[in-house]
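# A look at the structure
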Amino acid sequence: SSSTLRARPAAKKPEKKPLMAAENSQMLKLAGGMAVGATALMMASALKQSLKASARRDASSSFEYHLAVHCPQISSCPAWQLVKLSKVANVKDLHEATCAALGQDIESFQDFNFYPVERKTVDGACVKVGPQLQEIGCFDLMLVALPPDHLQVVQLIFAPEAPQPAEVPQGPQAFKVCGMCLPLVGTSHQFKGPYAIPEYNFAQNVFPPSGKYPYGSTVRFYDGRKQDVWEFGTTVFHEDAQYTETMTADANIVQELIARTSDFPKLWNRDVEVGLQDFTANGLFTSSEKSEDWKTGHSLLPRGFNQIKVKAFAPQVLAKTRSFVGEWSKFEAGHLVEDVNEWLTAMTADAVVSCSMGMDMRNVERLGAKQAPHKFVETFRFGLGVSIGSITAQSEYGLKRFLPFFDAEGRLQAKYQESKKEMQRQVEDLVEATRRGELGENSIIAAMLKDADPDGKRVRYGALYGHVVNLMIAGHETTAATLGFTLQLLAEHPTYEERALEEVRQVLQGRTEPSVDDVPKLQFVEQCFREALRLYSPVTFITRDVAYDTLLGGHRVYQGERINLVTRALHTNPEYWAGATGEFGDPLSFNPDRFSPEAVRERHPNAYHPWGFASRACIGSQFALFEAKTFLASMLIHFRLQGIPGYKIVASCEGGGAAPSPENLAFHVFPRPGGPLWSDGIMRPLAMNEDKEDENEN
């Protein structure tokens, strides 16, 4: 028995060895797997860094070098000056380009040489000044050596001899961030404030009209969340490009953007823009400069709005203005018109569609008869409102959206898709009617169908829809909104109203409406409209994107970064709008004399950009001015508008439009004393002779 007990352990010993061996084997396998995994992670991380470094090298231009040059002998320029140089240039060319960039004559700098600068970190001190530059080809090697988190721009010292590293200034800096960065929201708190338009709050907080800018006239805005940036292929962006945007109120920065259009193209590549494009398609306004549709459209469409064409549109513009005056002349003296914005939008929509598409929608007459607007306008407004977010499930369905199984979002999207299809069908009908010769022989649609650009390219049939919808966006809401602001500002400033009225009377010489030759003579009326456009620009941001890592205003900006001109801030910058001696007062005040010929000559040429700029400037600006001056002259001669006591202008998009308009704009309408509608204080309806009635019907 004892031997049996002793034998049991002996019999079990061989059984434990395989178990221990198996456990050890598993542990070895686990350790090996962990080692392989760690190695794989390290390799993946290294590969990722390698790919990032490789992709970031694409952030430099493929056909020219962007160089940051510092000249210790010149203190009047920014610390670092951008010098652009062709990749087939030589050191002599670099010397000439640098002197030109510094504004210096080359003879005074013949003994100066170039010395490359090396840094370990972006904002770190210089650790090494390289030997004198002998050939341009070495720039490619220097760019390859730059870490991916650095600006992909070579830094050079331009001096008679190489300085010590400690003498080299800090590299090109980023613009200052506009305030405290908060978790998740960044500096978006700067868009908060008393105004309904967020960009107005940003201008007030960051670029106040006092001119005391706490962070400078150009700043960085930190979004707090990563933005998707399209149209750059497989580019790996620097973090700043996806988390920050540059905001400016500086006319000199605008001047540089205009001078360097290839470095700062207009791209349509952010989520909100892509969302809008779902309704508007690839039109002239809602597309990137890279788009072939944009290139063809930009070659052809401006022809339809040149001065000769605008004059040819005079009968249609005058007819719609006459219809407007005729409808308002039916009111009793002192009648309160509460939906002024609706009236103005009806008139400008009728005018732009009549001129560009050859169809009179008669929205003004429909409004006078208390009828619904034309289907084209209804469909357009709803589709645009949903795509820009001004029409939502909340605004459309209210509390119903909380009902079980109501599916407010689903209903809204279904209605939106139906509106989009209906809009496409209506545009197709317009195009086909034009093709058959039934509509608009001289319309913009006809020109798009018949004309070709200098290269022989025509507007693609599929692109017609986008261009037509874009004409509606840019052609009527913007003008209508600015007319509303102008009328209210004139009502608030009777001195300026009287000056405008006196000019109209002198030009018209007893006639009751302006002719095509009268309109250019209405200088002060134009000043009033331009001043309202300055204070309440329909476009609150004008954007550009950074094509390559480069400098802007001597500061670093990264490929893919967005540059925003804040029009409200530029247009209320006291450096440009208070006057040399403060004669124009508060930049937020209404003073049409800011646009007298003398004042315009004295002002920075890029201080005023309500129409956009460079290749993306509004093609219909001359049409808008002609339409606005015709309308304002007619309104001044026929009516006296009395504003609501205590009314304060509030710019808002509450109406669902793309452009801010004066919220709840209303007037008491009286006949102008001594004017065509005056009859001892009683409003006399406008007399329409047969010719004018026939013209209005067509």
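The text that follows walks through the structure, step by step, so that each part is easy to find. If you're wondering where the values come from, they're calculated on a predicted model, not measured in any experiment.

### Re the packing of aromatic side chains
Here the structure, examined in full by the defined rule, presents 34 aromatic pairs. Measuring from centroid to centroid gives 5.8 Å for F324 and W343, while their planes differ by 80°, and the two rings are edge-to-face. Of the two residues, F324 is situated in helix α10 (residues 314-328) and W343 in helix α11 (residues 340-357); the sequence distance between them amounts to 19 residues. Judged by its relative accessible area of 4%, W343 falls in the buried class. Ring geometry for F324 against F631: centres 5.0 Å apart, planes inclined by 85°, an arrangement best described as edge-to-face. One end of the pair, F324, is in helix α10; the other, F631, is in helix α23 (residues 621-638), and 307 residues separate them in sequence. By relative accessible area, F631 is classed as buried at 0%. Taken together, F324, W328, F331, W343, F631 and F639 form an aromatic cluster joined through their ring pairs. Its guanidinium or amino end placed over the ring of Y195, R568 lies 5.5 Å from that ring's centre, counting from NZ or CZ. Over the ring of Y200 we find R568; its NZ or CZ atom is 4.2 Å from the centre of that ring.

### A word on the sheet that holds strand β2 (residues 81-86)
Taken in spatial order, the 5 strands make up an open sheet running β2-β1-β5-β3-β4, and their pairing is mixed. Looking at which strands have only one partner, the edges of the open sheet turn out to be β2 and β4 (126-129). On average, adjacent strands in this sheet sit at an angle of 40° to one another, irrespective of strand direction. Here 6 bridges tie strand β1 (residues 64-70) to β2, and the two strands are oriented antiparallel to one another. Opposite Y65, over in β2, you have L85 as the bridge partner. The strands touched by helix α2 (residues 91-102) are β1, β2, β3 (113-119) and β5 (154-159); relative to β2, the strand with the most contacts, the crossing angle is about 145°.

### Let's talk about the pairing of β1
Two faces, one strand: in a regular strand the side chains alternate between the faces of the sheet. For β1, a buried count of 7 out of 7 residues is recorded, marking the element as mostly surrounded by other parts of the structure. Burial of β1 is two-sided: the residues E64, H66, A68 and H70 facing one way and the residues Y65, L67 and V69 facing the other way are all buried.

### Considering the pairing of β4
Pairing of β3 with β4, which is carried by 3 bridges, proceeds in the antiparallel orientation. Each bridged residue has a counterpart across the sheet, and for E118 the counterpart in β4 is K128. Connecting the antiparallel pair β3 and β4 is a turn made up of 6 residues.

### Focus: the packing of helix α17 (residues 464-492) against α23
Axis angle and axis distance: for two packed helices, these are the angle between their axes and the distance between the axes, and together they describe the pair. Running from N to C, α17 and α23 cross one another at 40°; their axes reach a closest spacing of 11 Å. Comparing their axes, α23 and α17 come out oblique. Every pair of crossing elements has a handedness; the one defined by α17 and α23 is right-handed. Here α17 contributes T479, L483, T486 and L487 to the contact with α23, which in turn contributes A624, E627, A628, F631 and L632. Residues of the contact of α17 with α23, tallied by class, amount to 6 nonpolar, 2 polar and 1 charged.

### Quick notes on the sheet that holds strand β16 (residues 667-671)
Pairing is antiparallel across the open sheet formed by 3 strands, whose spatial order is β8-β16-β13. Edge positions in the open sheet fall to β8 (335-337) and β13 (639-643), since each of these has one partner strand only. Across the sheet, the mean angle from the axis of one strand to that of its neighbour is 35°, orientation sign disregarded. Sheet topology note: the β13/β16 ladder contains 5 bridges and is antiparallel.

### Here we look at the side chain of E365
Of note, E365 is situated in helix α12 (residues 363-368). Its relative accessible area of 10% is what places E365 among the buried residues. Only 3.2 Å separates the side chain of E365 from the side chain of K320, close enough to count as a polar contact. A polar contact of 2.9 Å, which involves the side chain of E365, links it to the side chain of S323.

### Notes on the pattern of salt bridges
Going through the model one piece at a time under the given rule, you end up with 35 salt bridges. Note that K87 is salt-bridged to D140, the shortest N-O span being 3.7 Å. On the criterion of sequence distance, the pair formed by K87 in the loop between β2 and α2 and D140 in helix α3 (residues 138-145) is long-range, its members being 53 residues apart. A relative accessible area of 29% means that K87 is categorised as partly exposed. Judged by its relative accessible area of 34%, D140 is partly exposed. Its salt-bridge partner being E342, residue R381 comes within 2.9 Å of it at the nearest N-O pair. You can see R381 sitting in helix α13 (residues 375-388) and its partner E342 sitting in helix α11, a full 39 residues away along the chain. Given the relative accessible area of 23%, R381 is considered partly exposed. Connected through salt bridges with shared partners, the residues E64, K84, E256, R260 and D263 form a single ionic network.

### Remarks on the side chain of T218
Checked against the element boundaries, T218 lands in strand β6 (residues 218-222). What makes T218 buried here is its relative accessible area of 7%. There is a polar contact of 2.8 Å between the side chain of T218 and the side chain of T248. If we ignore the near neighbours within four places in the chain, the residues touching T218 are F175, F207, T246, M247, T248, D250 and I253.

### Structural notes on the nonpolar core
Grouped together as the largest cluster of nonpolar side chains are 73 residues, with contacts concentrated most on F324, W328 and F639. A per-element tally of this core places α23 first, with 8 residues. If we skip the residues at most four places from it in the chain, W328 touches V337, V340, W343, M635, F639, L641, V669 and M683. Counting residues in each nonpolar core, the second largest holds 53 residues, with L276, F380, A463 and L464 among its members.

### Regarding the packing of α13 against helix α15 (residues 408-435)
At a minimum axis distance of 9 Å, the contact between α13 and α15 shows a crossing angle of 135°. In terms of orientation, α13 lies oblique with respect to α15. Between α13 and α15 the crossing geometry is left-handed. Residues K375, F376, T379, F380, F382, G383, V386 and S387 of α13 touch α15, and the partners they reach there are L412, Q413, K415, Y416, S419, E422, M423, Q426, V427 and L430. Classifying every residue of the contact of α13 with α15 by side-chain character gives 9 nonpolar, 6 polar and 3 charged.

### Brief notes about α11
In this model α11 runs 25 Å from its N-terminal to its C-terminal C-alpha over 18 residues, within 8% of the 26 Å that 1.5 Å per residue would give. Across the 18 residues that make up α11, a large majority, 17, are buried. Within two residues after α11, G358 carries a phi angle of roughly 80°, on the positive side.

Procedures and definitions
Residues numbered from 1 in each chain as written. Predicted model: local features only at pLDDT ≥ 70, side-chain atom pairs only at ≥ 80, totals over all residues. Heavy atoms only, no water. Phe/Tyr/Trp six-rings, centres within 6.5 Å; stacked < 30°, edge-to-face > 60°. Helix = DSSP H or I, 4+ residues; strand = E, 2+ residues; numbered from the N terminus. Buried < 20%, exposed > 50% of the residue type's maximum accessible area, 1.4 Å probe, protein only. Lys NZ or Arg CZ within 6 Å of the ring centre and 35° of its normal. Pairing = 2+ DSSP bridges. Axes fitted to C-alpha atoms, helices over the stretch in contact; angles between N-to-C directions. Contact = heavy atoms within 4.5 Å. Parallel < 35°, antiparallel > 145°, perpendicular 65-115°, else oblique. Left-handed = near helix turned anticlockwise from the far one by under 90°. Nonpolar A, V, L, I, M, F, W, Y, C, P; charged D, E, K, R; others polar. Polar contact = N/O pair within 3.5 Å; in protein donor to acceptor, adjacent residues only side chain to side chain. Salt bridge = Lys/Arg side-chain N within 4 Å of Asp/Glu carboxyl O. Core = buried A, V, L, I, M, F, W, Y, C linked by side-chain atoms within 4.5 Å. Expected span 1.5 Å × (residues − 1).

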